[in-house]
Every structure is written in structure tokens, then in C-alpha cells.
Amino acid sequence: RELGSLRVKGKTEPVRIFELVGTREDSQDKLRFIETFHEGLEAFRNRDFAKAMEHFQLARALSKSGDKPCDLYIQWCQEYERTPPLADWDGVRIATEK
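Residues numbered from 1 in each chain as written. Predicted model: local features only at pLDDT ≥ 70, side-chain atom pairs only at ≥ 80, totals over all residues. Heavy atoms only, no water.

Student: Lay out the packing of helix α1 (residues 28-45) against helix α3 (residues 68-82) with the relevant residues and their values.
Tutor: For the pair α1 and α3, the least separation of the axes is 12 Å and the interaxial angle reads 25 degrees. In terms of orientation, α1 lies roughly parallel with respect to α3. Relative to α3, the crossing made by α1 is left-handed. Seen from α1, the contacting residues are F33, F37, L41 and F44; seen from α3, they are P69, C70, Y73, W76, C77 and Y80. Across the contact of α1 with α3, the residue classes break down as ten nonpolar, no polar and no charged. (Axes fitted to C-alpha atoms, helices over the stretch in contact; angles between N-to-C directions. Helix = DSSP H or I, 4+ residues; strand = E, 2+ residues; numbered from the N terminus. Parallel < 35°, antiparallel > 145°, perpendicular 65-115°, else oblique. Left-handed = near helix turned anticlockwise from the far one by under 90°. Contact = heavy atoms within 4.5 Å. Nonpolar A, V, L, I, M, F, W, Y, C, P; charged D, E, K, R; others polar.)

In C-alpha cells form, the structure reads like this:
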């Protein structure tokens, strides 16, 4: 699954980050989890943080064992709802450390 894009220290172009979570033959539950996470990611990039948070919460519930990326995105959505990103925000998180 795609985890999002990250702009790493010393670089200007973002890097897309992926995580191997299984194979195409995995269960329908796993595929639904990934699809739901990606819907949250799309809403996040479109600045619809409330909708994104709903998708990440559902994906976390579908994972059955918790999911750190879902937890992080929920936290970021809450932060951006309190303090929206600048108008030119491109949906990319910035890594401040290597």
C-alpha cells in the first residue's frame, strides 16, 4: 500500500513511500483495508481531513491488530483540522531528520 509522500531532508522532490502488506491473493478483508486506507490518503491530499479521518479510523478497525500509519494519519488530520496547512500545501509531509 502507498503510505504517502515524504519530502526528505536535503531534497526538494517528494518520495512516495510504500509498504508491502501482502499479495494479491490475500483475503477480501485485507484488500478492503488497503482500499479504505487509500481512500483516506486521497481525502487527506484533497484537504478533506474529516473524511480522511473517517477512512483511517475504519481502516484501523479493519486491520484487527491496529495500524501505526492509520494512527499517524488520524493524528495529522486532527492537527490540520485545528491548524489548517498553508494554501500552497501539496499533501506531502516533511521529514526533518534523516
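Student: Can you explain the nonpolar core? Please cite residues and give values.
Tutor: If you look at the biggest cluster of nonpolar residues, it comprises 19 residues, and the most contacted ones within it are F44, F56, Y73 and C77. Taken together, the elements giving at least two residues each to this core come down to α1, α2 (49-63) and α3. Dropping the residues within four chain positions of it, F56 is found in contact with F37, G40, L41, F44, C70, Y73, I74 and C77. (Core = buried A, V, L, I, M, F, W, Y, C linked by side-chain atoms within 4.5 Å. Buried < 20%, exposed > 50% of the residue type's maximum accessible area, 1.4 Å probe, protein only.)

Student: How would you explain the environment of G40 if you had to name every residue and give the values?
Tutor: The residue G40 is located in helix α1 in this model. A residue is classified by how much of its surface remains accessible, and G40, at 0% relative accessible area, is buried. G40 sits 17 residues away from Q57 along the chain, and the two C-alpha atoms are 9.0 Å apart. Setting aside its immediate chain neighbours within four residues, G40 contacts A52, H55 and F56.

Student: A description of α1 should follow, citing residues and the corresponding values.
Tutor: Between the first and last C-alpha of α1 there are 26 Å, a value that for 18 residues agrees with the 26 Å anticipated at 1.5 Å per step. For α1, the full list of buried residues reads F33, I34, T36, F37, G40, L41, A43 and F44. Summarising the contacts, the buried residues of α1 are in contact with β1 (2-7), α2 and α3. Within two residues after α1, R47 carries a phi angle of roughly 70 degrees, on the positive side. (Expected span 1.5 Å × (residues − 1).)

Student: Help me get a handle on a nonpolar patch on the surface, residues and values and all.
Tutor: On the surface, V8, V15 and I17 cluster together into a nonpolar patch covering about 180 Å² of accessible area. When its relative accessible area of 33% is taken as the criterion, I17 is described as partly exposed. (Patch = residues over 30% accessible without salt bridge, like charges linked within 9 Å, V, L, I, M, F, W, Y side chains within 5 Å. Areas by Shrake-Rupley, 256 points an atom, 1.4 Å probe, with all protein chains shown as cover. Salt bridge = Lys/Arg side-chain N within 4 Å of Asp/Glu carboxyl O.)

Student: Quick one: what's the story with the pattern of salt bridges, residue by residue and with numbers?
Tutor: This structure, assessed with the given rule, holds seven salt bridges. A salt bridge links R7 to D90, with the shortest nitrogen-to-oxygen separation between them at 2.6 Å. Placement of the pair is R7 in strand β1 and D90 in the loop between α3 and β3 (93-94), with a sequence separation of 83 residues. Overall, R7 belongs to the buried group, its relative accessible area being 19%. Among the residues examined, D90 registers a relative accessible area of 41% and is labelled partly exposed. With a closest N to O distance of 2.9 Å, D71 and R60 form a salt bridge. With a gap of eleven residues between them, D71 in helix α3 and R60 in helix α2 connect regions that are remote in the sequence. Taken together, the shared-partner salt bridges in this structure form one network comprising R1, E19 and D67.

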